[in-house]
Amino acid sequence: MTDTFVQEFEARAGTATADGPEWLEPVRRSAMERFARSGFPTARDEEWRFTPIGPIAQGSWRPATGVAGELGPEQLAPFNFGHPDWTTLVYVNGVFHEALSSVGRLPAGVRVAGLAEMLGSDGALLGRHLTRHAPVEESPFTALNTAFLREGGVVHVGAGVDLEMPVHLLYVTTVEGAGTVAHPRNLIVVERGARASVIESYVSLASGRIYWTNPVSEVAVAAGAWLEHTRIQRESESAFHVGLTQVDQERDSHYRSFSFAMGAALARHNLHVRLNDENIESLMYGLYLTRGEQVADNHTAIYHDQPNCRSWEVYKGILDGRSRAVFNGKVFVKPEAQKTDAKQTNRNLLLSDGARVDTKPQLEIFADDVKCTHGATVGRLDDLARFYARSRGLPAAAAERLLTYAFAAEVVDEVALTPVREELDRLVFERLGSL
Amino acid sequence: MLEINGLRASVGDTEILKGIDLTVNAGEVHAVMGPNGSGKSTLAQVLAGHPAYQVTAGSVRYQGQDLLELEPEERAQAGVFLAFQYPVEIPGVTNAYFLRAAYNEIRKARGLEEVDSIDFLDLLEEKLKLVEWEPEIMSRAVNAGFSGGEKKRNEILQMAVLEPKLAILDETDSGLDIDALRIVAAGVNKLRRPENAAIVVTHYQRLLNYIVPDYVHVLSNGRIVKSGGKELALELEARGYEWLEDAVGAAS
């Protein structure tokens, strides 16, 4: 399978699909070489020990090439949070779909565009950021994404600008996308003192179809900037999704992430946040809902490189059937990062006997004057809470649903954007209703 | 309304209730007192259907029904309400949502239509006054981060909304300061009706200054060792529980 990607890469090199600034081609090529050398990770790789990527490595994947059939806004309505007015870039089967996208009115100093278009025009922004945050050494999947980098969304919020309305990057796979792989590449840059809310959605109109999404998002939050970044993964439950979000934060900035996963047969998301200067705040929330044979794997890494920063992380999971979840949370505190305040929590609720969780906090602290805590739990609904709800008249099943919902709601409540929070709330409720 | 005969209950291998007989009629308030470990909270929880306890002998008839046959939710739907000694925190669900869900389940069980959130707010407004609370409390998560007093007040609010026929208050006075005690007791008193009854479980006589009982029962080592009128509570306050325990010890 590795060879297939190399052949495809060579076939593309020098064609129109390989366009972009001059410096990019060698980066792509070296990423391809990196992938060709390593191939896919195996269970012997510590980082991938619990992530059964066999079906991806052994699969045969065609490149995703957009949509041939008719697709209208009404089919996308379920994914727009009731806000067709929000700036939305739509990608269908891996390719930007201009007719379904709407950029709308943006404040001066803001640019939202497809990456493919930007590759041909804005050299300066891409030169500063594209591939500068997510290292290809990070994983073979990142290398592969970089080698085939072309489609994706670019959100650039200029210094001091408040992007009042959220920007939505919406990736849709239709039945025509069955058997394909897409490598979306997003770049979100929030300049000094700017403020923005960006949503990434990976959704499916291809229930039961097998495909593979391999996205990478690079995020730069400049000094004093504020970013809320919501990631919603609702792929087909037969699909594969392996993604990386790589964040760099500068002095006095605030980054707030919410990672929601309920789709895919195998979903892996790495969230890496580097706190490059002082007085930075990073909030990372996550919720995964799995059932059947689904596997949801979250790896987070927080790099406290400088003093006086705060990171706060809460990931929760609700598992049913024979599904599995993996949580690996790394916190690195460098010797100079004194007064670091880091808290990490992973809580899992098992609804069945067959579900399983592997949770591993990993704190590496080299500074002495810090406050770092972590906690992981795997458990069932509290008997006393169940009795309390039943003693108020709620039938057993309704009491369990309510308490399970409550478990999820505690983290969904952290989504600042009300329409998104309400939609996630609804999705959780809907899923619990089917349990 | 309630007829308890020879009730025995255990948790694991430990028998806690060792033959309780108690009859409660509509319109009556019964106080159940006793030292720590006497089984008074167990009695309250067994009546509500707490799954940790196994009933090993005896019967409980409630309005002609076998209460022990009913699931906890069926008891609630039939009008039994337990105000918990330690109300449970449910982060993630608002007080308003939880209480409306309970209210609607009880209505549904009685063949009544469910109420929407707007009608429910109207109903709440009046009930909140009973416990001297502002509506803001309803948008907080159920008991989460509530003080001890707030939790107890919340139990009384739930009781006021759900309008039980038989209210069982399990040490509702414990941990309350005098103001909270007054509010909680006033809430209970305003809900007294000729067709309703209450069992007030308490360690101290103090609560009974506010909620005046018709009968007082003293529980010791899983049995009712003495019953009387409200003056019995005052006697207990003056003399403690030891004399009763000694008397029982001597008799057996």
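Thresholds, definitions, all that
- Residues numbered from 1 in each chain as written.
- Chains lettered and ligands numbered in written order.
- Predicted model: local features only at pLDDT ≥ 70, side-chain atom pairs only at ≥ 80, totals over all residues.
- Core = buried A, V, L, I, M, F, W, Y, C linked by C-beta atoms within 7 Å.
- Buried ≥ 20, exposed ≤ 12 C-beta atoms within 10 Å, placed from the backbone.
- Helix = DSSP H or I, 4+ residues; strand = E, 2+ residues; numbered from the N terminus.
- Domains from an automatic or database assignment.
- Contact = placed C-beta atoms within 7 Å.
- Nonpolar A, V, L, I, M, F, W, Y, C, P; charged D, E, K, R; others polar.
- pLDDT = per-residue confidence, 0-100.
- Pairing = 2+ DSSP bridges.
- Axes fitted to C-alpha atoms, helices over the stretch in contact; angles between N-to-C directions.
- Parallel < 35°, antiparallel > 145°, perpendicular 65-115°, else oblique.
- Left-handed = near helix turned anticlockwise from the far one by under 90°.
- Expected span 1.5 Å × (residues − 1).
- Arc of directions from axis to C-beta.

### Details of the nonpolar core
Move 1: The biggest cluster of nonpolar side chains holds 199 residues, and the ones touching the most others in it are V190 of chain A together with I168 of chain B.
Move 2: Here this core takes 10 residues from helix α9 (residues 396-412) of chain A, the largest share from any one element.
Move 3: When residues of this core are assigned to domains, at least three map to each of domain 1 (2-277) and domain 2 (381-435) of chain A.
Move 4: Aside from chain neighbours lying at most four places away, what touches V190 of chain A is V157, A196, V221, A222, A225 and L227 of chain A.

### Brief notes about the interface of chain B and chain A
Move 1: Each partner contributes residues to the interface: chain B has 20 residues there, and chain A has 19 residues.
Move 2: When residues of the side of chain B that touches chain A are traced back to their parent elements, those giving at least two are α2 (72-77), β7 (90-94), α3 (95-109) and α5 (148-162) of chain B.
Move 3: Class assignment of the residues belonging to the side of chain B that touches chain A gives a composition of 14 nonpolar, four polar and two charged.

### A closer look at the domain arrangement of chain A
Residue and element names in this part refer to chain A.
Move 1: Along its sequence, chain A is carved into domain 1 (2-277) and domain 2 (381-435).
Move 2: Taking only C-alpha atoms, the centre of domain 1 and the centre of domain 2 are 31 Å apart.
Move 3: In this assembly, 12 residues from domain 1 lie in contact with 10 residues from domain 2.
Move 4: Put simply, the parts of the chain that give the side of domain 1 that touches domain 2 at least two residues each are β9 (195-205), β12 (226-234) and β14 (254-261).
Move 5: Tallying contributions element by element places β14 first for the side of domain 1 that touches domain 2, with three residues.
Move 6: The residue inventory of the side of domain 1 that touches domain 2, partitioned by class, reads six nonpolar, four polar and two charged.

### Thoughts on the confidence of the model for chain B
Move 1: Chain-level pLDDT for chain B is 91 on average; 97% of the residues reach the 70-or-more range.
Move 2: Reported confidence for the predicted complex is 0.95 by ipTM and 0.89 by pTM.

### Overview of the pairing of strand β4 (residues 110-114) of chain A
Looking along a regular strand, one sees side chains alternate from face to face of the sheet.
All names here are of chain A.
Move 1: Residue alternation in β4 divides its side chains into a buried set, V110, V112 and G114, and an unburied set, R111 and A113.
Move 2: Judged from the five bridges that link them, β4 and strand β5 (residues 153-157) form a sheet pairing that is antiparallel. Across the sheet, the residue bridging to V112 is V155, located in β5.

### Details of the sheet that holds strand β12 (residues 223-228) of chain B
Residues and elements named next belong to chain B.
Move 1: Strand order across the open sheet formed by six strands is β6-β9-β10-β3-β11-β12, with mixed pairing between neighbours. Edge strands, defined here as strands with exactly one partner in the open sheet, are β6 (80-83) and β12. Taken over all neighbouring pairs, the strand axes of this sheet differ in orientation by 20 degrees on average, direction set aside.
Move 2: Direction of pairing for β6 relative to strand β9 (residues 166-170): parallel, over a ladder of four bridges. When the bridges of β9 are listed, V80 appears paired with L166.

### Notes on unusual backbone geometry
Backbone geometry follows two general trends: most residues other than glycine have a negative phi, and most peptide bonds adopt the trans configuration.
Move 1: We note that F81 of chain A has phi near 60 degrees; this positive angle belongs to a residue other than glycine.
Move 2: Relative to the elements of secondary structure, F81 of chain A occurs in the loop between α4 (73-76) and β2 (87-92).
Move 3: A positive phi angle is found at N143 of chain B, which is not glycine, with a value near 60 degrees.
Move 4: N143 of chain B gets classed as buried once you count the C-beta atoms within 10 Å, which come to 20.

### Some details on the sheet that holds strand β2 (residues 14-24) of chain B
The pairing of strands in a sheet happens through backbone hydrogen bonds and is either parallel or antiparallel.
All names here are of chain B.
Move 1: Pairing in this open sheet of four strands is antiparallel, and the strands run β2-β1-β4-β5 from one edge to the other. A single partner strand is all that each edge strand has here, and the edge strands are β2 and β5 (65-66).
Move 2: Where strand β1 (residues 2-11) and strand β4 (residues 54-62) come together, seven bridges link them in antiparallel fashion. Opposite S10, over in β4, you have Q54 as the bridge partner.
Move 3: Docked against the sheet, helix α1 (residues 40-48) engages β1, β2 and β4, running at close to 75 degrees with respect to β2.

### Comments concerning the packing of helix α4 (residues 117-130) of chain B against α5 of chain B
Residues and elements named next belong to chain B.
Move 1: Viewed as axis vectors pointing N to C, α4 and α5 meet at an angle of 135 degrees, and their least axial separation amounts to 9 Å. The pairing of α4 with α5 is recorded here as oblique in orientation. Both α4 and α5 take part in a crossing whose hand is right-handed. Between α4, through L123, L124, K127, L128 and L130, and α5, the contact on the second element is made entirely by L157, A160 and V161.
Move 2: When the residues that make up the contact of α4 with α5 are grouped by side-chain class, the tally is seven nonpolar, no polar and one charged.

### As for the environment of A180 of chain B
Move 1: The topology assignment puts A180 of chain B in helix α6 (residues 178-190).
Move 2: The sequence separation of A180 of chain B and V131 of chain B amounts to 49 residues, and the corresponding C-alpha distance is 9.2 Å.

### As for α5 of chain B
Residue and element names in this part refer to chain B.
Move 1: Taking 1.5 Å per residue, 15 residues should reach 21 Å; α5 reaches 21 Å between its end C-alpha atoms and fits that length.
Move 2: For α5, the tally of buried residues reaches 12 of 15 residues, placing the bulk of the element in the interior.
Move 3: Along α5, the positions that sit buried rather than exposed are K151, K152, R153, N154, E155, I156, L157, Q158, M159, A160, V161 and L162.
Move 4: In this structure, the buried residues of α5 make contact with β6, α3, α4, β9 and α6.
Move 5: Within two residues after α5, E163 carries a phi angle of roughly 45 degrees, on the positive side.

### What about helix α7 (residues 231-239) of chain B?
Residues and elements named next belong to chain B.
Move 1: Taken together, the buried positions of α7 are L232, A233 and L236. In a view along the axis of α7, the buried residues occupy a sector of 105 degrees, so they form one face of it. Away from its buried face, by an angle of more than 90 degrees, α7 presents the exposed residues E231 and A238.
Move 2: Those residues of α7 hidden inside the fold are in contact with β3 (29-33), β11 (215-220) and β12.
Move 3: Among the residues trailing α7, G240 stands out with phi positive, at a value near 75 degrees.

### Considering the pairing of β14 of chain A
All names here are of chain A.
Move 1: Burial runs high along β14: seven of the eight residues are buried.
Move 2: With eight bridges connecting them, β12 and β14 associate as parallel partners. Among the inter-strand pairings, T230 is bridged to a residue of β14, identified as F258.

### Things to note about the packing of helix α8 (residues 383-390) of chain A against α9 of chain A
Residue and element names in this part refer to chain A.
Move 1: Orientation of α8 relative to α9, taken along the N-to-C sense of each, is 125 degrees, at an axis distance of 9 Å. Comparing the axis directions of α8 and α9 gives the class oblique. For the pair α8 and α9, the sense of crossing is right-handed. Counted together, A385, R386, A389 and R390 of α8 and A396, A399, E400, L402 and L403 of α9 form the full contact between these two elements.
Move 2: Of the residues contributing to the contact of α8 with α9, the split by class is six nonpolar, no polar and three charged.

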